[in-house]
Amino acid sequence: MASLYKKKSGYWYITGYNEGKKFFLSTHSKSKTKAQYALDDFKRNNGQLTYQGDTTFESFINVFRQYIQTHLRRKTIELYEMVIRNMINYKDRYNISFNSYRLKNISYIALENFVMSLKERYSITSVNMHIRCIKAIFNYAIKIKYLKDNPAEHLKQLETFRKNKIYIPDEHLQLIIDNADGNMKDIILISLYTACRRNEIINMRYMDIDINKRTINIKSDEQFQTKHKHDRVIYISDELKDILNKFYYDEDGTAILHAPEERLFDIKSFSVTHRFKRICRKLALPESYHFHCLRHTAISNLSSAGATLKSIMTIAGHSSIRTTENYLHNISKDIINAVNLVSYKKL
């Protein structure tokens, strides 16, 4: 026999036993009256909840927010919150906001108009990010039986043009390194030697590095997740080993003790970004330079030095060989030498 149960969150759940196993099914409501309606509906439909499209967008969003708080990472939650905030603040030509809509009455046209309004304030990339989030929000409404169909299903992403990756030439790299102070210089050099992303570097812990085996383990865990949530191993070159040694030994060769979980760099990601940009501006270097350009440069230099495509893919942590191929724009020295073998000056 199914019954109602109120959890500490304040939401009511339908609970009972199915084939000897206890189950909890959220009614997505803090109102006992509405929860009772859901329980009666559950019993009438032989253990199935019917669709609840009569709920308001505002009520559904409160349920969705509860879901993302327990299932998604902080950065992803912040992303969804921005999209939700923009949807709530948006008003159509009749000065009506989404919060005033019944969920089932939100149409493709209403969402399309909202997306078009974003183009005035956001880049194409940001607008497309909104579209992906909107689709996911309404897919969740289908999952919890608030809707049968997704009104955002046919929203099309805006056409984007692939930006050329920016590579920093050696003479500019030397200027940047010479003007970097403190731990910033080490962060820049580690980026160039490993092709690691910014957050991968600042989340490196002493337990992740094995100087003797000459490996750095880039791992996803509760504290940090890599871009594709895949672990990988980076091998330490001779020059990188010299840089890392000073974290383990002082000038006299005495070992420095660290807690295994301690990070090499006590710095925030935004601080790395701002300090790198400040160096570039001080040197009057191109405004297009940003910290991620170091990764592009490292991968490009590996290619120019003759590293195989498979090796570059492994070092960079790319999930697809096609991603790696996007970096191989430089004309190799072998090809240049090959075309110079032929001369027609004597003709």
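Preceding block: the structure.
These notes cover the structure that comes with them. All figures in this text were calculated on a predicted structure; none of them were measured in a lab.

Thresholds applied
- Residues numbered from 1 in each chain as written.
- Predicted model: local features only at pLDDT ≥ 70, side-chain atom pairs only at ≥ 80, totals over all residues.
- Heavy atoms only, no water.
- Helix = DSSP H or I, 4+ residues; strand = E, 2+ residues; numbered from the N terminus.
- Rg over C-alpha atoms; globule rule 2.2 N^0.38 Å.
- Buried < 20%, exposed > 50% of the residue type's maximum accessible area, 1.4 Å probe, protein only.
- Contact = heavy atoms within 4.5 Å.
- Pairing = 2+ DSSP bridges.
- Axes fitted to C-alpha atoms, helices over the stretch in contact; angles between N-to-C directions.
- Parallel < 35°, antiparallel > 145°, perpendicular 65-115°, else oblique.
- Left-handed = near helix turned anticlockwise from the far one by under 90°.
- Nonpolar A, V, L, I, M, F, W, Y, C, P; charged D, E, K, R; others polar.

**Remarks on the overall build of the protein chain**
Step number 1: Scanning the protein chain for helices and strands turns up 14 helices and six strands.
Step number 2: Computed over the C-alpha atoms, the radius of gyration of the protein chain is 27 Å, more than 25% above the 20 Å expected from 2.2 N^0.38 for a compact globule of 347 residues.
Step number 3: Considering the protein chain as a whole, with its 347 residues, one finds that 39% of them fall into the buried category.
Step number 4: Considering only contacts in the protein chain between residues 6 or more positions apart, those separated by 24 or more positions represent 57%.

**Topic: unusual backbone geometry**
In most cases, non-glycine residues show a negative phi, while peptide bonds are predominantly trans.
Step number 1: Even without being a glycine, Ala195 presents a positive backbone phi close to 60°.
Step number 2: With respect to the helices and strands, Ala195 occurs in the loop between α7 (183–194) and α8 (198–202).
Step number 3: When its relative accessible area of 1% is taken as the criterion, Ala195 is described as buried.
Step number 4: At Arg214, a position not held by glycine, the phi torsion is positive, near 60°.
Step number 5: Secondary-structure assignment places Arg214 in the loop between β4 (209–210) and β5 (215–218).
Step number 6: Taking the relative accessible area as the measure of exposure, Arg214 reaches 25% and is therefore partly exposed.

**Here we look at the pairing of strand β6 (residues 232–235)**
Two faces, one strand: in a regular strand the side chains alternate between the faces of the sheet.
Step number 1: Alternating residues of β6 divide into Arg232 and Ile234, all buried, and Val233 and Tyr235, none buried.
Step number 2: Of the pairings in the sheet, the one linking β5 to β6 comprises four bridges and is antiparallel in character. Paired with Ile218 across the bridge in β6 is Arg232.

**Considering the sheet that holds β6**
Step number 1: Reading across the sheet, the three strands line up as β4-β5-β6 and stay open at both edges, with antiparallel pairing between neighbours. With one partner strand each, in any of the chains shown, β4 and β6 form the two edges of the open sheet.
Step number 2: Alignment of β4 against β5, held across two bridges, turns out to be antiparallel. What sits directly across from Asp210, in β5, is Thr215.

**Re the packing of helix α4 (residues 108–118) against helix α5 (residues 124–143)**
Step number 1: The geometry of α4 relative to α5 is characterised by a closest axis approach of 10 Å and an angle of 155° between their N-to-C directions. With respect to α5, the axis of α4 lies roughly antiparallel. Crossing handedness for the pair α4 and α5: right-handed. From α4, Leu111, Phe114, Val115 and Leu118 reach across to α5, where they touch Val127, His130, Ile131, Ile134 and Phe138.
Step number 2: Class assignment for the residues of the contact of α4 with α5 results in eight nonpolar, one polar and no charged.

**Thoughts on the environment of Leu257**
Step number 1: Note that Leu257 resides in the loop between α9 (238–248) and α10 (269–282).
Step number 2: The class for Leu257 is exposed, based on a relative accessible area of 80%.
Step number 3: Separated by 51 residues in sequence, Leu257 and Tyr206 place their C-alpha atoms 10.0 Å apart.

**A look at the sheet that holds strand β1 (residues 3–6)**
Step number 1: With antiparallel pairing, three strands are arranged side by side in an open sheet as β1-β2-β3. With one partner strand each, in any of the chains shown, β1 and β3 (21–26) form the two edges of the open sheet. Taken pair by pair, the neighbouring strands of this sheet meet at an average axis angle of 40°, ignoring direction.
Step number 2: The pairing of β1 with strand β2 (residues 12–18) spans four bridges and is classified as antiparallel. Counterpart to Lys6 in the pairing with β2 is Trp12.

**Concerning the packing of helix α3 (residues 74–89) against α5**
Step number 1: Contact geometry for α3 and α5: axes closest at 10 Å, N-to-C directions at 90°. When the axes of α3 and α5 are compared, the pair comes out roughly perpendicular. On α5, the residues that touch Leu79, Tyr80, Met82, Val83, Ile84, Asn86 and Met87 of α3 are Met129, His130, Cys133, Ile134, Ala136, Ile137 and Phe138.

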